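Chain by chain, the residues run as shown.
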Amino acid sequence: MNSVVYQIYPKSFKDSNGDGIGDIKGIQEKLPYLEKLGIDVLWISPMYPSPGVDNGYDVSDYYGIDPMYGTMEDMKNLIRECENHNIKIIIDLVVNHTSDEHEWFIEAKTSKNSTYRDYYIWRKGVGNQPPNDLESNFGGSAWEYSEETEEYYLHFYSKKQPDLNWENPNMRNEIWKMMNFWIDLGIGGFRMDVIDLIGKQPDQKIKENGPKLHDYLQEMNAKTFGNSDLLTVGECWGATPEIATLYSAPERKELSMIFQFEQINLDKIAGKQRWDLKPLYLPDLKRVFSKWQTEMEGKGWNSLFWSNHDLPRIVSRWGNAGKYRIESAKMLATLLHGMKGTPYIFQGEELGMTNADFNSIADFKDIESRHMAKLRLEKGEPKEIVLAALKKKARDNARTPMQWDDSYAAGFTSGTPWLPVNKNYITINAKQSLDDKQSIFYYYQSLIKLRKTEETLVHGIYELLLPNDENIYAYTRSLGTEKLLIICNFYETEQSFSYNASAEIILSNYNKNGIINLKQLVLAPYESFILRLPNN
Ligand code: TEU
Ligand code: CA
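Quick notes on the rules
Residues numbered from 1 in each chain as written. Chains lettered and ligands numbered in written order. Predicted model: local features only at pLDDT ≥ 70, side-chain atom pairs only at ≥ 80, totals over all residues. Heavy atoms only, no water. Helix = DSSP H or I, 4+ residues; strand = E, 2+ residues; numbered from the N terminus. Rg over C-alpha atoms; globule rule 2.2 N^0.38 Å. Buried < 20%, exposed > 50% of the residue type's maximum accessible area, 1.4 Å probe, protein only. Contact = heavy atoms within 4.5 Å. Areas by Shrake-Rupley, 256 points an atom, 1.4 Å probe, with all protein chains shown as cover. Lys, Arg positive; Asp, Glu negative; His and termini not counted. Charge placed at Lys NZ, Arg CZ, Asp CG, Glu CD. Polar contact = N/O pair within 3.5 Å; in protein donor to acceptor, adjacent residues only side chain to side chain. Salt bridge = Lys/Arg side-chain N within 4 Å of Asp/Glu carboxyl O. Axes fitted to C-alpha atoms, helices over the stretch in contact; angles between N-to-C directions. Parallel < 35°, antiparallel > 145°, perpendicular 65-115°, else oblique. Left-handed = near helix turned anticlockwise from the far one by under 90°. Nonpolar A, V, L, I, M, F, W, Y, C, P; charged D, E, K, R; others polar. Domains from an automatic or database assignment. Near = heavy atom within 4 Å. Donors = N, O, S within 2.8 Å, 3.2 Å for Na, K, Ca; no water. Phe/Tyr/Trp six-rings, centres within 6.5 Å; stacked < 30°, edge-to-face > 60°. Lys NZ or Arg CZ within 6 Å of the ring centre and 35° of its normal. Pairing = 2+ DSSP bridges.

1. Let's talk about the overall build of the protein
Right, so step 1: Along the protein, the regular secondary structure elements total 15 helices and 19 strands.
Right, so step 2: Computed over its C-alpha atoms, the radius of gyration of the protein comes to 23 Å, within 12% of the 24 Å expected for a compact globule of 536 residues.
Right, so step 3: Of all 536 residues assigned to the protein, the portion counted as buried reaches 61%.
Right, so step 4: Long-range contacts, defined here as pairs at least 24 residues apart, represent 68% of the contacts in the protein between residues at least 6 apart.
Right, so step 5: For the protein, the computed accessible surface area is about 21,100 Å², with 49% contributed by carbon and sulfur atoms.
Right, so step 6: Put simply, the protein has 61 plus and 74 minus side-chain charges, and the middle of one group is 3 Å from the middle of the other.

2. Regarding the environment of tyrosine 408
Right, so step 1: Here tyrosine 408 lies in the loop between helix 12 (383–393) and helix 13 (430–435).
Right, so step 2: A sequence separation of 276 residues divides tyrosine 408 from asparagine 132, and the C-alpha atoms of the two residues are 51 Å apart.
Right, so step 3: Leave out the neighbours within four places in its chain, and tyrosine 408 touches Thr413, Ser414, Gly415, Thr416, Pro417 and Tyr425.
Right, so step 4: Only 2.6 Å separates the side chain of tyrosine 408 from the backbone oxygen of glycine 415, close enough to count as a polar contact.

3. Here we look at the pattern of salt bridges
Right, so step 1: Evaluated as defined, the whole model comprises 40 salt bridges.
Right, so step 2: Residues aspartate 193 and arginine 191 are paired through a salt bridge, measuring 2.8 Å at the closest nitrogen-oxygen approach. Neither residue differs from the other here; aspartate 193 and arginine 191 are each classed as buried.
Right, so step 3: Its salt-bridge partner being glutamate 527, residue lysine 512 comes within 2.8 Å of it at the nearest N-O pair. Of this pair, lysine 512 sits in the loop between strand 16 (502–508) and strand 17 (515–517) while glutamate 527 sits in the loop between strand 18 (521–523) and strand 19 (528–533), and the two are 15 residues apart along the sequence.
Right, so step 4: Among the ionic contacts, a cluster of salt bridges with common partners joins Asp54, Arg274, Asp310, Asp366, Glu368, Arg395 and Arg399.

4. A few points about the packing of helix 7 (residues 241–248) against helix 8 (residues 282–296)
Right, so step 1: At their nearest, the axes of helix 7 and helix 8 sit 10 Å apart, and the two run at 45 degrees to each other. As the angle between them shows, helix 7 and helix 8 are arranged oblique. Crossing handedness for the pair helix 7 and helix 8: right-handed. Here Pro241, Ala244, Thr245 and Ser248 of helix 7 come into contact with helix 8, specifically with Lys291, Trp292, Glu295 and Met296.
Right, so step 2: Here the residues of the contact of helix 7 with helix 8 are counted per class, giving 4 nonpolar, 2 polar and 2 charged.

5. What to know about the domain arrangement of the protein
Interface size is commonly expressed as the accessible area that is lost once the parts come together.
Right, so step 1: Its domain assignment divides the protein into domain 1 (101–152) and domain 2 (457–531).
Right, so step 2: When each unit is reduced to the centre of its C-alpha atoms, the spacing between domain 1 and domain 2 is 55 Å.

6. As for the site of ligand 1
Right, so step 1: Around ligand 1, the structure places 16 residues, and the nearest of them are Asp54, Tyr157, Asp193, His309 and Asp310.
Right, so step 2: The side chain of aspartate 54 places a nitrogen or oxygen atom 2.5 Å from an oxygen atom of ligand 1.
Right, so step 3: One of the side-chain N or O atoms of histidine 309 is found 2.9 Å from an oxygen atom in ligand 1.
Right, so step 4: Considering ligand 1 on its own, with 490 Å² of exposed area, one finds that the protein chains cover 96% of that surface.
Right, so step 5: Residue composition of the shell around ligand 1, by class: 5 nonpolar, 2 polar and 9 charged.

7. Topic: the coordination of the calcium ion (ligand 2)
Right, so step 1: For the calcium ion (ligand 2), the full set of protein donor atoms is Asp15 (OD), Asn17 (OD1), Asp19 (OD), Ile21 (O) and Asp23 (OD), and the range of their distances to it is 2.3 to 2.4 Å.
Right, so step 2: Within one chain, the residues donating to the calcium ion (ligand 2) are spaced in sequence as D-x1-N-x1-D-x1-I-x1-D.

8. Quick word on the packing of aromatic side chains
Right, so step 1: Taken as a whole and judged by the stated rule, the model has 33 aromatic pairs.
Right, so step 2: Centre to centre, the rings of phenylalanine 261 and phenylalanine 305 are 5.3 Å apart; their planes meet at 65 degrees, and the pair counts as edge-to-face. Here phenylalanine 305 lies in the loop between strand 10 (303–304) and helix 9 (314–317) and phenylalanine 261 lies in the loop between strand 9 (257–259) and helix 8, a separation of 44 residues in the sequence.
Right, so step 3: Through a chain of ring-to-ring contacts, the aromatic side chains of Tyr48, Tyr62, Tyr63, Trp104, Tyr116, Tyr119, Phe181 and Trp182 assemble into a single cluster.
Right, so step 4: Between the NZ or CZ atom of lysine 30 and the centre of the ring of tryptophan 404, over which it lies, the distance is 4.2 Å.

9. As for the sheet that holds strand 14 (residues 482–489)
In any sheet, the strands associate via hydrogen bonds between backbone groups, in a parallel or an antiparallel arrangement.
Right, so step 1: The strand order 12-13-14-19-16-17 describes an open sheet built from 6 strands, whose pairing is antiparallel. The sheet terminates laterally at strand 12 (461–465) and strand 17, the two strands that pair on one side only. Shown here is a sheet whose adjacent strand axes are inclined to one another by a mean of 35 degrees, direction ignored.
Right, so step 2: Relative to strand 13 (residues 472–479), strand 12 runs antiparallel, the two being bridged by 5 bridges. Within strand 13, the position partnered with tyrosine 462 by the bridge is arginine 477.

10. Here's the deal with the pairing of strand 19
Right, so step 1: In terms of burial, strand 19 is largely enclosed, as 6 of its 6 residues are buried.
Right, so step 2: Burial along strand 19 is two-sided: the residues Ser528, Ile530 and Arg532 and Phe529, Leu531 and Leu533 are all buried.
Right, so step 3: Relative to strand 19, strand 14 is paired through 6 bridges, and the arrangement is antiparallel. Across the sheet, residue cysteine 488 finds its bridge partner in strand 19, namely serine 528.

11. Describing the side chain of serine 50
Right, so step 1: Take serine 50: it is sitting in the loop between strand 2 (41–44) and helix 3 (72–84).
Right, so step 2: There is a polar contact of 2.8 Å between the side chain of serine 50 and the backbone nitrogen of glycine 52.
Right, so step 3: For serine 50, the residues in contact, after removing those within four places along its chain, are Gly56, Asp58, Ser60 and Asp66.

Rendered as structure tokens:
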């Protein structure tokens, strides 16, 4: 319950052999760095063999390692080595869909009588149109016509990612077998890609939260990790706190926790796509986080994250990537790590890495961005608007290589990086951070340590202060007679704050310590505190 997870996007973490692509040996090389940061768990994005149209979220063999990342032997070594560093590895479980190059699909598409046919979802068209108007999450129809058998198959992502049919018990058994294979290898858990889609009912146009979703997860729990101490986290874009409780209430025997994404949509225009931008209004963020903190209290467990491989860099998004990059990155970390749940750190967040510095639409490589740009340009949307949206929201923003030092290619590779390194690596890099005691890295290290020593940070009940204040986010965490106060100035102007007490500073992003009188406090730009209030 006091663990902190670090997400590795392996393609961009560390390249050990100069081919420009991160790999398992690269991860192994950096374990001392991760141990120093203090994290307990690594979530590594998919490394299975894959054609790579969605950077590995299109799996063609669940039992292997893509040669570009190394071998199964390397993976076993990594698991063992992690054990020596007291780090657990959780792997990505991508079972809503496979690649169209998975042997099941290759078989399935050849004949309606194939044993694997029913592992996927096939329907006849209506005239020469798809079965219905379900849309893919990457844009366009979710149905693709397959010449060989003259039927359409379902794909909620790219057409090279056909959806699996979870109604088929043989298919489910194959998944349990595969999961047990990885559990036997010694992995510490699973992050489950778009798991809320597996109960889909395409004829009723139900995508997430289908009727049998929780039955499948209970079956999964019973058939695989139920009796072991594994960390399981489901990716659930369509969750409410009520739904999240279904997944994470221990007595239901499903998952440890889920990722929910309500806060992620606060800077898009309501009813539009996430590419249609609007500024964040801080009280909205408080409302959403507080709802999750409060409604999960005593019932389920939250995961806490700002970033992942699908989201822009948080310091560029809701912080200040310029003058106050360091202060704002620390403030955002304080806000998140002060709450109740399991914090997740996405690689580079601990360095305050910023969005990619791409300047043309053609620079973006991600399949989702390319689809979006193509569709919008075809509709006549101005280039500048499309580029502006990509620069803010494209997934590649989080995927530029990890910035290790100020040498060639940020020390990520000796070759040509698969995606360009951000030019700001000269100043923003791990080596600089490790040499500077005031760095964002050491601030994250302190936050992680606090989670081990302050029980109130782990178990305390959350209560929001100042719900309508447009600049300051403040809340308390209480456990017995202990009370912590977390205060964050979310913007670059000074703010006044008042609370009728003096408090002990536990952590300050302006390096303050001692006792502070809160009666007339003026917060500097992006200033944040974790404070201990006197016992009541
Ligand atoms: O993402 C789920 C998902 O719905 C994304 O398409 C999300 O909507 C988008 O990235 C906007 O942020 C998961 C993986 O995390 C993602 O990398 C995969 O592309 C996707 O599933 C398909 O496996
Ligand atoms: Ca490599």
